[in-house]
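Remarks on the overall topology
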Amino acid sequence: MASVHDRKVDFSTFMQGVEERNPGQTEFVQAVHEVARDVYGFIEDKDEYHEAQILRRLAEPDRIVSFRVCWEDDDNNVRVERGWRVQNNNAIGPYKGGIRFHPSVTESVLKFLAFEQTFKNSLTGLPLGGGKGGSNFDPKGKSDREVMRFCQSFMTELHRYIGPSVDVPAGDMGVGSREIGYLFGQYKRITNRWEGVLTGKDTEFGGSQMRPEATGYGAVEFLQNMLEHADDGIDGKSIVISGAGNVALHAAEKACSLGGKVLTLSDSDGFVHDPDGIDADKIAWVKKLKNERRGRIGEYVEEYPDATYHSGDMPWQVECDIAMPCATQNEICEDDARALLDNGCMAVVEGANMPTTFDAVQILQDAKILYGPGKAANAGGVAVSGLEMSQNAEGISWKHDRLDNMLAELMTDIHEKCVEYGARDDGPVNYVRGANIAGFKKVADAMLAFGVM
Ligand code: NDP
Ligand code: 2IT
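Residues numbered from 1 in each chain as written. Chains lettered and ligands numbered in written order. Predicted model: local features only at pLDDT ≥ 70, side-chain atom pairs only at ≥ 80, totals over all residues. Heavy atoms only, no water.

**Concerning the overall build of the chain**
Defined as follows: A run of H or I in DSSP becomes a helix once it reaches four residues, and a run of E becomes a strand once it reaches two; helices and strands are each numbered from the N terminus. In this setup the radius of gyration rests on C-alpha atoms only. A globule is expected at 2.2 Å times the number of residues raised to 0.38. Partly exposed describes any residue whose relative accessible area lies between the buried limit of under 20% and the exposed limit of over 50%, with all areas from a 1.4 Å probe on protein chains only and scaled to the type maximum. Contact definition: two residues touch when any of their heavy atoms are within 4.5 Å. Reported accessibility uses the Shrake-Rupley method at a 1.4 Å probe radius. Residues are deemed covered only where the shown protein chains occlude them.
If you tally the helices and strands in the chain, you get 18 helices and twelve strands. Over its C-alpha trace the chain gives a radius of gyration of 21 Å, about what one expects of a compact globule, namely 22 Å for 453 residues. For the chain, the C-alpha atoms occupy an extent of roughly 75 × 55 × 45 Å along the three principal directions. Expressed as a percentage of its 453 residues, the buried residues of the chain come to 57%. Taking all contacts inside the chain whose residues are at least 6 apart in sequence as the whole, residues at least 24 apart take part in 71%. By element, 46% of the accessible surface of the chain is carried by carbon and sulfur atoms, the whole surface being about 18,300 Å².

**Let's talk about the pattern of salt bridges**
So the rule is basically this: Salt bridges are identified by distance alone: a Lys or Arg side-chain nitrogen within 4 Å of an Asp or Glu carboxyl oxygen.
Counted under the stated rule, the structure contains 28 salt bridges. A salt bridge links Asp73 to Arg79; the nearest nitrogen and oxygen atoms lie 2.9 Å apart. Overall, the relative accessible area of 31% leaves Arg79 in the partly exposed class. In the salt-bridge network here, residues are joined through shared partners; they are Asp267, Asp269, Lys290 and Arg296.

**Structural notes on helix 16 (residues 380-394)**
Let me state the cut-off plainly: By this rule the span expected of a helix is its residue count minus one, scaled by 1.5 Å.
Here helix 16 spans 21 Å end to end across 15 residues, near enough to the 21 Å set by a 1.5 Å rise per residue. For helix 16, a buried count of twelve out of 15 residues is recorded, marking the element as mostly surrounded by other parts of the structure. Of all the positions in helix 16, only Gly380, Gly381, Val382, Ala383, Val384, Ser385, Gly386, Leu387, Glu388, Met389, Gln391 and Asn392 are classed as buried. The secondary structure elements touched by the buried residues of helix 16 are strand 3 (95-101), helix 6 (107-123), strand 5 (167-170), helix 9 (211-229) and helix 17 (400-422).

**Concerning the site of ligand 1**
Spelled out, the test is: If a single non-hydrogen atom of a residue is within 4 Å of a molecule or strand, that residue counts as near it. Think of a polar contact as two N or O atoms within 3.5 Å of one another; within protein, one of them needs to be a possible hydrogen donor and the other a possible acceptor, and neighboring residues in sequence only count if both atoms come from side chains. Each residue receives one of three labels: charged for Asp, Glu, Lys and Arg, nonpolar for Ala, Val, Leu, Ile, Met, Phe, Trp, Tyr, Cys and Pro, and polar for the others, Gly being one of them.
In the vicinity of ligand 1, 25 residues are found, and the nearest of them are Asp172, Thr215, Ser268, Arg296 and Asn353. The contact in question runs from an oxygen atom of ligand 1 to an N or O atom on the side chain of Lys140, over 3.0 Å. For ligand 1, whose free accessible area comes to 890 Å², the fraction covered by protein is 85%. For the shell around ligand 1, the elements supplying multiple residues, two or more each, are helix 9, helix 10 (246-257) and strand 7 (261-267). Considered class by class, the residues forming the shell around ligand 1 number six nonpolar, twelve polar and seven charged.

**Points about the site of ligand 2**
Taken together, 14 residues lie near ligand 2, and Lys96, Lys120, Lys132, Asp172 and Ser385 sit nearest. Gln117 is positioned with one of its side-chain polar atoms (N or O) 3.0 Å from an oxygen atom of ligand 2. Measuring from an oxygen atom of ligand 2, one finds a side-chain N or O atom of Arg211 at 3.0 Å. The protein chains hide 94% of the 300 Å² of surface that ligand 2 would expose on its own.

**A closer look at the nonpolar core**
We count it as follows: Grouping buried Ala, Val, Leu, Ile, Met, Phe, Trp, Tyr and Cys residues that are joined through side-chain atoms within 4.5 Å yields what is termed a nonpolar core.
Ranked by size, the top nonpolar core spans 61 residues in total, and within it Phe222, Leu223, Ile241, Leu265, Tyr300, Met324 and Ile414 carry the most contacts. Considering each element in turn, this core owes the most residues, eight residues, to helix 9. Contacts of Tyr300, omitting those with residues within four sequence positions, involve Val272, Asp274, Ile278, Lys282, Trp285, Val286 and Ala307. With 38 residues, the next largest nonpolar core counts Met15, Phe42, Val109 and Phe440 among its residues.

**Some points on unusual backbone geometry**
Positive phi values are uncommon outside glycine, yet Gln53 reaches one of about 55°. With respect to the element layout, Gln53 can be found in the loop between helix 4 (47-51) and helix 5 (54-58). According to the relative accessible area criterion, Gln53 is partly exposed, its value standing at 35%. Located in the positive-phi region is Lys368, a residue other than glycine, with phi close to 55°. Along the chain, Lys368 turns up in the loop between helix 14 (358-366) and strand 12 (370-372).

**Looking at the environment of Asn330**
Among the structural elements, Asn330 can be located in the loop between strand 10 (322-324) and helix 13 (334-342). Residues Asn330 and Ser177, spaced 153 residues apart in sequence, show a C-alpha to C-alpha distance of 26 Å. For Asn330, the contacting residues outside a window of four places in its chain are Gln30, Met354, Pro355, Thr356 and Thr357.

**What about the pairing of strand 7?**
What counts is decided by this rule: For two strands to be treated as a pair, DSSP must find at least two bridges joining them. We call a crossover right-handed when, viewed with both strands directed away from the observer, the connection leading from the first strand over the helix to the second proceeds clockwise.
Buried residues dominate strand 7, accounting for six of its seven residues. Pairing between strand 6 (residues 238-241) and strand 7: three bridges, direction parallel. If you follow Ile239 over to strand 7, its bridge partner there is Val262. For the segment spanning strand 6, helix 10 and strand 7, crossover handedness is right-handed. Where strand 7 and strand 8 (residues 270-273) come together, four bridges link them in antiparallel fashion. Within the sheet, the bridge partner assigned to Asp267 lies in strand 8 and is Gly270. A loop of two residues connects strand 7 with strand 8, the two strands running antiparallel in sequence.

Below, the structure is given as structure tokens:
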């Protein structure tokens, strides 16, 4: 009989298999590659993980549901979009992860996000499995009623596959408070059940205090932990932020409150650069622009004429101490990473999921600057979602300050886990390795306990 040593596949054979089984799914392969590289080092001398094929199983979603979403626009045209829910792994808790509405959504994008989410959710220390869903529907330029009809149709399909102890979606790109309201309303209408099946709800109907702020605030708290660990701090640092959505604006708000100077915000049309700093009042103005008027970031320069607008560009050429990508995947490429380093950037902390390409990550890591990967740095959002689930299950709502403190503690715990597995003698903590190994170990040990399935 072959021994486990004979059955062990090496890293490159493993990755070759992932590529062959997922043709054309570049984002998914990229996410698996980044995790597997570190996990392979960790499990090298641990036969039990090889024997049980843990990594191979984690890189194969438990299931993927895909469905047609049909809706009518304001001109009575019948429109057809695609919808998915990827349930990656529920070893440590019900599937949990956001829903994304964006024209760039594909099965590959949702598989990468669900895979990442599995490790991120494990890092929070809460009982949350990993999932992600979404549609190629573009809410931009649609009326409220069009968004409502789309959300209702999406939930009419999705409700069969979710539930408070089965799978609990939340928001992500293109899905904020408005969309969660429409989705939750339709779930309640179809099932006749009021239950905590979605997080990110408004506080009037079971939402948690601090959930809107949690991802951006948490990312800055993670940055603060990283800087303190390196005997430094945020006060006086210049910060370049991409995006102008939920994560970017709350990251900007928290960074300002800690004495950071935020220089940029962006959307998919371009970025604004305000050398005087985008302070709390200006951020409040952008929040209104985005959430109420659904405007574009370029309008900032009409309100604040000392700022400049750079159409079609990303902000990575702007000189800064710290960069926080908070928009989308693969928004920092190799040239951007080099430009950041040339301009003296000393830390990159990811509010978005996988915003840095594989090669750009390598450049930043080789330069030994502080680099906080999304699965650790942006875990505050899903962590407070986990707290929303607890509050819904108990039928209570905790106060703002309590949740604010719990978020800060959760981010400190995640930082400590990264240090535990990522500390090295010849440079700053390798937060990528730390996050990957700590995230993997908890899920893997639970899977071992369940046997072969
Ligand atoms: P939002 O939809 O609120 O904002 C997204 C922002 O990114 C918008 O300003 C959008 O501009 C911009 N953007 C989108 N695509 C591009 C692009 N190709 N180039 C440049 N800018 C782009 O989403 P969130 O803030 O919620 O999410 C941002 C990131 O954070 C995503 O990666 C998400 O997965 C991640 N994340 C979100 C969490 C949450 O709780 N919301 C939790 C953890 C991670 P435009 O308006 O032009 O589309
Ligand atoms: O990427 C993410 O962590 C999210 N979009 C939040 C998921 C959640 O369930 O709160």
